Amino acid sequence: MADRPMYYGSSSSGPQYYGGKGPQYYGGKGPQYYGGRAYGGGSYGEPNGGDSGSIVGTITVGRILRVISQRWLSVFVFMLVGLVVSFAVYRISPTVYEAQSSFTMDMRRSSGGLGRNALDQAMPDFGSSYAEIFNTRIPDWRSDKIVTRIVQQYRASHPTSTVSDEQIISTLGGSKLELQRNSRIITITVRSGVPALAAALANAYAEAIESFTDEENKIRCDKAVSQIHGNVEKRRREVDKIAKQLLDFRTANKVDNLRSMRDTIQQGLSKTTGDVLALETTESQLIEWEKLLVAVQQEPESFGNLSTGVPRAEEIAAQYRQFQDDSGAYSSLLVAYTENHPEVQSAKKKLELSRQRFLDAVSRALLTGRSTLQVTRNQLGSLKIKQDDLRNELASVEQRIVLAESGLGQLEAEFKVSNNVLEGLIMDENKARMDAEANNEIVRLAKLANVPSKPVLPNPMMIFGAGIVASIGLGLLFVLVLDNLEDTIVNLADVEGRLALKVLAVLPHVRRKKREQVAKFMVEDKYSQFAEAVAGLRNLLDSPRYEAMSKCMLVISTQPGEGKTITSTSIAISYAQTGKKTLLVDFDMRRPRLAMVWDLKLTKEQSFSHTLQNAKEGETPDFSKLVNETEVPNLSAICSLPPEGVNPATILGSRVVGDFLEWARRHFDKIIVDSPPFGLVGDVVTLATQVDSALIMCCPDRTHFKPIQYCSRVLTEAGATILGVIVNDVETSSQSAFSPSRHHSGGYRKSYGGYGGYGYGYGYGYGYGYSPHHKKKTGEQPAENGEEKAEPGSEAPAETPAPSEAAKQSDIADEE
């Protein structure tokens, strides 16, 4: 983006202060106040306030509708491309014609001496028999023999055809045979690029199947197998009767359930036994370790090596080594000096202290081991009780199984004998059927195929429908990815959903060109939308939920141009208008602005930054001399000149800052602190930990997610209290109170005047220098009363001030 702040880096590398391209996890140990609750640490990107982690992001109906409404043109372009691709596919797809012929399949009826019921007994249910026969015959009807017969039939019907055998076989490879539901009709479907060839092959296929079936029926034997089948059915009924008795017995006695229960109990008993053995081993080890520690406690000088499994073994070993070192040192001093020598006495005290520490470590280890031993014994006792219960239960179940299996065995033996007899009869029947009644169906040609006049492929409805659906899906995916990759905040859901921060207020856009006009707008018009929004924020901060955290507040922004100075000034004015004694402090020492807002002429003695810089160690300056009364009753301001020769971060880290805040709390009801932007310098973290709470600024289509996430994480980890976010510079014209408002040019709307100020091409440095001012547009005429014109919806830059007025009007056309 052309208006992206300079510290962001390129779009491919991410913000420079984020530490690389890898995912950054946010959240900290301290609480974040959000709607009355304290939010603990976590990682941004989880469901409570971040991205889903995928390239598309979290998909919701509301997000899809919003993205489509914003990027409908991209989806429409994808749809147009899909239509073009569909048309191309439709044009290059080959034309395919389809022809259908059909034949009927009937069951053969036996005649003569074999009797009518000979085959009726074999196939009593025609409804299911046709499907079974059809599925059985499909391999034969698609075999090489049928293909050869089809080619022969086609050659006989079309002797002058020039179609090759390979082309015929290739065409038949895509043919289909289907049994019509609830009928005896089988259809043959053949597709080809030549309509006459499709019809001819479909007819040849049906005729080949008919002749093939007739030839096979001639070699069949009409010998009946009804007698064998009757014996099979009689034996089958006997087997079914025994099977039913067996099932009833199992159901009544629940033998299977008992067996399953026995297996489960055995598994549980095995596991419990293993756990008991493991705990008994642990108990033995703990007892031995307890004995060893007691012996060491009684005679520390006889201490040897401990197993690594002994509780606090490393701590005991370390203390013992210290004890040995001190003992050696004491012995060495006794050799050189008498016992009453000061160094000997000091070494003796140190030795006694080391001995006591060693005994304390042993005592702690002994206490830990005894606690672990007691827990192990409790667990072992519970497991032994469970083991006894499982053994008793297993014995009971096995007894029930023995009683049930005694009756079950007899029935199973009877079933096995009857089933073996039945299987023998079935094998005899199957052999007779294979010899005598195989392939006893009758096939007759039902309908010949006509030459098709219309192609079935390509199907325009299918191609264009699939193309539109696929293109819309790809377009939606594309805009969702773009929306997820876009790093700017565009609506209220982005703040409270993805950032998991409370939105405290939404401040409308104020059409002014100078910072002084916008900052003191509440003094001019107390009943404007902007004043009402600030008053609502003031009432919220005075509510019982935030009252304890709103005496001394810090206003923070993650980048220049988000309205930090103007918002802090407006909040201070609002508090002053309620009669509270309010102090507005300019802690932005690199680029102080409040002196220009209130048109104050400061000397170095009145400059807050110089006072802090010149403060001597152990002395507290007289801060009352820095207070400047403003034109607003009850509102005082402490302003700064840019410091000279000292890093402001060094000043803000000094003791005198804490002394100043203590002084301000004693003399004022409310303290509003204007801080430098977070991310450019590290002053904010130091200040945020010394005030009661912090407010973070946010501008739609300007503020980026990662900087504000990083700011929240760093401040929370430092111990600061973040009350929430103030959304600034929101257009409230014909659109909703908080919605994206990009121009057609692709840029972003600027608040309070334009591009001046820090960060946008001019840096953020030290000293007195300010950003160069934008020149007046060519042809622009000044308005009446010396004021410049400002077209609705745009902010024209102000005239370039004279050099003598640079310090006063350096913020013209700046959108703080």
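The shown structure was predicted, so the numbers you read here are calculated from the model rather than taken from an experiment. (Residues numbered from 1 in each chain as written. Predicted model: local features only at pLDDT ≥ 70, side-chain atom pairs only at ≥ 80, totals over all residues. Heavy atoms only, no water.)

Asker: Help me out: how do you make sense of the pattern of salt bridges in this one?
Answerer: Pairs may arise between side chains of opposite charge once their charged atoms sit close together. Inspection of every chain in the model, using the stated rule, returns 21 salt bridges. The salt bridge partner of D214 is R444, with a shortest N-O separation of 3.2 Å. Pair noted here: D214 is in helix α7 (residues 195–218) and R444 is in strand β6 (residues 441–447), with a separation of 230 residues, a long-range link. Two residues, D674 and K564, come together in a salt bridge whose shortest N-O distance is 2.9 Å. Within this pair, whereas D674 is found in strand β12 (residues 670–674), its partner K564 is found in helix α17 (residues 564–577), the two being separated by 110 residues in sequence. Accessibility classification places D674 together with K564 in one group, the buried group. Sharing partners across several salt bridges, the network here consists of D542, K580 and K670. (Salt bridge = Lys/Arg side-chain N within 4 Å of Asp/Glu carboxyl O. Helix = DSSP H or I, 4+ residues; strand = E, 2+ residues; numbered from the N terminus. Buried < 20%, exposed > 50% of the residue type's maximum accessible area, 1.4 Å probe, protein only.)

Asker: Can you walk me through the sheet that holds strand β10 (residues 628–629) in this structure?
Answerer: Think of a sheet as strands paired side by side through backbone hydrogen bonds, with each pair either parallel or antiparallel. Overall, mixed pairing links the eight strands, which are arranged β7-β14-β13-β8-β12-β9-β11-β10 in an open sheet. The outermost strands of the open sheet, each flanked by one partner alone, are β7 (503–508) and β10. Strand direction decides the pairing type here: strand β9 (residues 582–586) and β12, joined by five bridges, are parallel. Bridging across to β12, V585 finds its partner in V673. Against the sheet, helix α16 (residues 529–541) contacts β7, β8 (552–556), β13 (693–698) and β14 (722–730), and its axis sits at roughly 165 degrees relative to β7. Those strands touched by α17 are β7, β8, β9, β11 (635–638), β12, β13 and β14, and its axis lies near 170 degrees from that of β12. (Pairing = 2+ DSSP bridges. Contact = heavy atoms within 4.5 Å. Axes fitted to C-alpha atoms, helices over the stretch in contact; angles between N-to-C directions.)

Asker: Would you explain α17 in this entry?
Answerer: Residues spaced three or four apart along an α-helix face the same direction, because each turn holds 3.6 residues. For α17, which comprises 14 residues, the first-to-last C-alpha distance of 20 Å matches the rise-based estimate of 20 Å (1.5 Å per residue) to within 8%. When you tally the buried positions in α17, you get 13 out of 14 residues, the bulk of the element. Following α17 by one or two positions, G579 has its phi on the positive side, about 95 degrees. (Expected span 1.5 Å × (residues − 1).)

Asker: Please explain the pairing of β12 as it appears in this structure.
Answerer: Consecutive residues of a regular strand have side chains that alternate between opposite faces of the sheet. Judged by how many residues are buried, β12 sits mostly within the fold: five of five residues are covered. Across the two faces of β12 the burial is the same, with K670, I672 and D674 and I671 and V673 all buried. Strand direction decides the pairing type here: β8 and β12, joined by four bridges, are parallel. The residue bridging V555 from the neighbouring strand is D674, located in β12.

Asker: What should I look at first to understand the packing of α16 against α17 in this one?
Answerer: When two helices pack together, their arrangement is given by the angle between the helix axes and by the axis-to-axis distance. The geometry of α16 relative to α17 is characterised by a closest axis approach of 9 Å and an angle of 75 degrees between their N-to-C directions. When the axes of α16 and α17 are compared, the pair comes out roughly perpendicular. Within the contact between the two elements, α16 uses F530, V534, A535, L537, R538 and L541 and α17 uses S570, I571, S574 and Y575. Tallied by class, residues from the contact of α16 with α17 come to seven nonpolar, two polar and one charged. (Parallel < 35°, antiparallel > 145°, perpendicular 65-115°, else oblique. Nonpolar A, V, L, I, M, F, W, Y, C, P; charged D, E, K, R; others polar.)

Asker: Just to check I follow, could you spell out unusual backbone geometry for this structure?
Answerer: Residues apart from glycine generally show negative phi values, whereas peptide bonds are mostly found in trans. Looking along the chain, the bond that leaves L457 and enters P458 is cis, with omega of 0 degrees. Mapped onto the elements, P458 comes out in the loop between β6 and α12 (460–485). In this structure, N182 is a non-glycine residue whose phi angle is positive, near 55 degrees. Tracing the chain through its elements places N182 in the loop between β4 (176–179) and β5 (185–192). Note on N182: relative accessible area 76%, which makes it exposed. With a phi angle near 55 degrees, D599 is a residue other than glycine that sits in the positive phi range. The residue D599 is located in the loop between α18 (594–597) and α19 (608–614) in this model.

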